[in-house]
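# Commentary on secondary and tertiary structure
If you want the building blocks of each chain, they are given just below.
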Amino acid sequence: MDTAVPQINNRRRSSATERAKELEAIKGFVSGKNILITGGAAGLGYAFLNHFLKHGANKITILDIDGENGRRVASGIEKSYGEKKVYFVHVDVAKQEEMIEAFEEASILMNDIDIVINNAGILDERRWEREIAVNIGGMVSTAMLAVKYMSRENGGHGGILVNVSQHMNINNTAQLPVYAATKHAIIGLSQSLADPYHYEKTGIRVLTLCPGLTETGLTIDSPNKLLSRVMKADFVKNLEEVSIQTPYVVARGLLNILRLGDSGSIWVIESGHPPYEIYVPDPRTLRRHYKNNMTCVETKVGKGRAITRVCDNTRTSMICA
Ligand SMILES: NC(=O)c1ccc[n+]([C@@H]2O[C@H](COP(=O)([O-])OP(=O)(O)OC[C@H]3O[C@@H](n4cnc5c(N)ncnc54)[C@H](O)[C@@H]3O)[C@@H](O)[C@H]2O)c1
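Overview of the structure. Predicted model, so just to flag it, every value in this text is computed and none were measured. (Residues numbered from 1 in each chain as written. Predicted model: local features only at pLDDT ≥ 70, side-chain atom pairs only at ≥ 80, totals over all residues.)

## So, the environment of Phe-88
Tracing the sequence through the fold places Phe-88 in strand 3 (residues 86-90). The exposure class assigned to Phe-88 is buried, which follows from the 23 C-beta atoms found within 10 Å. Counting along the chain gives 26 residues from Phe-88 to Ile-62, while the straight-line C-alpha distance between them is 4.9 Å. Those residues in contact with Phe-88 that sit more than four places away from it in its chain are Ile-62, Asp-64, Gly-70, Arg-71, Val-73 and Ala-74. (Helix = DSSP H or I, 4+ residues; strand = E, 2+ residues; numbered from the N terminus. Buried ≥ 20, exposed ≤ 12 C-beta atoms within 10 Å, placed from the backbone. Contact = placed C-beta atoms within 7 Å.)

Encoded structure:
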């Protein structure tokens, strides 16, 4: 008993010391930086904004389509942090011309851009053309402009680009085919831009953030944004099986990702836990194995689609089912 207490205290002391060191390291990455956040007027983007401010960001520009909320956020922050700390630019990320002007305005307002959080997105399967325009078009546009303004090749000094995708459980996306497609696209965008082929020229570290289910306006509205009303009950049932986290946890995790993540790294934050890294496997390691006559020699029965034990060799098709 006598020895247990000091041990616990020591552990507490050391974890407090570690936390202080971690905070110091995070400050090193964020302090004095000029940051642009798309979709920063609400949800995850708003949580990122608050965390960046708390950790000493120099200036932040929010790009958002919601004028009312954007202006309210900017003036609210002015009261706590003073003038010329946070700027709001009203823009639809899906409109390239508006985006070109918005980036120009942001770079003038802040003098420079060091970090871009490519976050604005929607979930609206009924308006899937719009969903693609915002989630892919808007994110591609933001990424390209981030490169233009931060790349060493263009006279910038490098920086960090964070693209927001989503933590995918392929078994849970049946009711969100288009949204899932848009979020997969972001992994491809990130992986290409993060390649040393680009990184060595641009000096921009490209990171991908994949949040799990998070309590925001997007999630709350999602059951009413599906392709058909019939899907709602199944969708809600799926949602209930996943534990939901707060935007605060994701924002806290993002700060560590900025500190630790190599260019090209992909980070999941789910169920309120600290971030963990995942990778896109080499497709060759995912090959199914067949004997010469196309007989399946491996059987895997997972939670999803079962893979049948033996192929029918008499069929002309290559499908093993
Ligand atoms: N909430 C989740 O569970 C979750 C999980 C994984 C990934 N994400 C992704 O995180 C990002 C942020 O989502 P959120 O949950 O905070 O959503 P949200 O709806 O709470 O906030 C999105 C913000 O983006 C803005 N926005 C939407 N369309 C825009 C446009 N065309 N131009 C400019 N701004 C626009 C909105 O006005 C809003 O301020 C999205 O890319 C989303 O796909 C969310």
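From this point on, the discussion continues.
## Quick look at the site of the ligand
Lining the immediate environment of the ligand, one finds 29 residues, of which Gly-39, Gly-43, Gly-121, Thr-216 and Leu-218 sit closest. Every element with two or more residues in the shell around the ligand is listed here: helix 2 (43-54), helix 5 (128-150) and helix 8 (217-221). Within the shell around the ligand, the residues separate by chemical class into 14 nonpolar, 12 polar and three charged. (Near = placed C-beta within 6 Å. Nonpolar A, V, L, I, M, F, W, Y, C, P; charged D, E, K, R; others polar.)

## Description of the environment of Met-139
Within the secondary structure, Met-139 sits in helix 5. Exposure remark for Met-139: the 26 C-beta atoms within 10 Å place this residue in the buried category. Taking the C-alpha atoms as reference, Met-139 lies 9.8 Å from Ala-185; in sequence the two are 46 residues apart. If we ignore the near neighbours within four places in the chain, the residues touching Met-139 are Asn-118, Asn-163, Ile-186 and Leu-189.

## Thoughts on the sheet that holds strand 8 (residues 276-278)
Strand order across the open sheet formed by eight strands is 3-2-1-4-5-6-7-8, with mixed pairing between neighbours. Each edge of the sheet is formed by a strand with only one pairing partner; in this case those strands are strand 3 and strand 8. Within the sheet, the average angular offset between the axes of one strand and its neighbour, ignoring direction, is 20°. Inspection of the sheet shows strand 2 (residues 59-64) paired to strand 3 by five bridges, in the parallel sense. In the strand pairing of strand 3, Leu-63 is matched with Val-89. Across the sheet, helix 4 (residues 96-110) touches strand 1 (34-38), strand 2 and strand 3, and the angle it forms with strand 2 is around 160°. Of the strands in this sheet, strand 1, strand 4 (115-118), strand 5 (159-164) and strand 6 (204-211) touch helix 5, which is tilted by about 175° from strand 4. (Pairing = 2+ DSSP bridges. Axes fitted to C-alpha atoms, helices over the stretch in contact; angles between N-to-C directions.)

## Some remarks on the nonpolar core
In this structure, Phe-48, Ile-62 and Ala-146 are the most contacted members of the largest nonpolar core, which totals 72 residues. In terms of residue count, helix 5 provides more of this core than any other element does, nine residues in total. Residues in contact with Phe-48, not counting those within four places in the same chain, are Ile-37, Gly-40, Ile-117, Asn-119, Ala-251 and Leu-254. (Core = buried A, V, L, I, M, F, W, Y, C linked by C-beta atoms within 7 Å.)

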